[in-house]
Every structure is written in structure tokens, then in C-alpha cells.
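The chain contents come next:
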Amino acid sequence: QVQLVESGGGLVQPGGSLRLSCAASGSIFSIYAMGWYRQAPGTQRELVAIVISGDSTNYADSVKGRFTISRDNAKNTVYLQMNSLKPEDTAVYYCYANIRRTGGHFPDAYWGQGTQVTVSK
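From a predicted model like this one, the values you see are computed outputs, not experimental measurements.

Chemist: Which residues make up the pattern of salt bridges, and what values do they have?
Modeler: What the rule picks out here adds up to four salt bridges. Between Asp89 and Arg38 there is a salt bridge; the shortest N-O distance is 3.0 Å. Of this pair, Asp89 sits in the loop between β8 (77-82) and β9 (91-101) while Arg38 sits in strand β4 (residues 28-39), and the two are 51 residues apart along the sequence. Across the pair Asp61 and Lys64 runs a salt bridge, and its minimum N-O distance is 3.1 Å. The network of salt bridges with common partners includes Arg38, Glu46, Arg66 and Asp89.

Chemist: How would you explain the nonpolar core if you had to name every residue and give the values?
Modeler: Counting 31 residues, the largest nonpolar core has Trp36, Leu80, Met82, Tyr93 and Ile99 as the members making the most contacts within it. Elements supplying a minimum of two residues to this core: β1 (2-7), β3 (18-26), β4, β5 (46-52), β7 (67-72), β8, β9 and β11 (115-119). Filtering out sequence-adjacent residues up to four positions away, Leu80 remains in contact with Leu18, Arg19, Leu20, Trp36, Val48, Ala49, Phe67, Thr68, Ile69 and Tyr93.

What counts and what doesn't
- Residues numbered from 1 in each chain as written.
- Predicted model: local features only at pLDDT ≥ 70, side-chain atom pairs only at ≥ 80, totals over all residues.
- Heavy atoms only, no water.
- Salt bridge = Lys/Arg side-chain N within 4 Å of Asp/Glu carboxyl O.
- Helix = DSSP H or I, 4+ residues; strand = E, 2+ residues; numbered from the N terminus.
- Core = buried A, V, L, I, M, F, W, Y, C linked by side-chain atoms within 4.5 Å.
- Buried < 20%, exposed > 50% of the residue type's maximum accessible area, 1.4 Å probe, protein only.
- Contact = heavy atoms within 4.5 Å.

None of the figures reported here should be taken as evidence of function without further support.
Below, the structure written as C-alpha cells:
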């Protein structure tokens, strides 16, 4: 069993900052990618940022220059530092990981439970 536990969401004013964390635990053989998606009401879930094995990163155009994703391999944890937040960043943020379980042959996708980020005055 693999679990992703998120933390760090909340309410912040425009221009403020938040840091999200997501820790993976369980029967993990290897983690190929970890990242963040978000979903605002009435919209589809979209990629925010992802870090892939070898530390290759990819960001949504809307967050480039404002958000930074990082990963601590020793702790199986991914972070999302969000600066200069805008009201349009308001959404539920979901942690994503592509993980091969111990004893498994192929990696699977895993999701966290989601954490609310609200940017408002």
C-alpha cells in the first residue's frame, strides 16, 4: 500500500506565499515522478508542476516564475513553493506520484486527498 499525505494549504492574500508538502509512504520500490495538480470548481484537473527522475521539472505556463517544485528523495517528499499568489490560483491542490511498489513490475499513479488553497483579500 502507498499513501500520499499533503499539508500546507490555507487562505492567503493576493501576493502572498504558501508552501505545500507531500510525503509518500508505504511499500515503495522506486518513485519515478512526483508533482502537483489543481482543480478549481467547474474546471478540469490541470498539471501545476512535476519533477521527474533525474530532477527534470515541468511547470504550467500560468505558474512559471512564481512557483517552484522541489523534491527530497531521502524523505520521499515533494514541495511546492508558491509565491506571488493570485486569486486565480485558488483551487484544490492534489499531490501526484508515479510509484513502483515493492514486488510490483510496473509503476502506478497515486493521488493525495487534496488540500485547499484560497487566495483572497
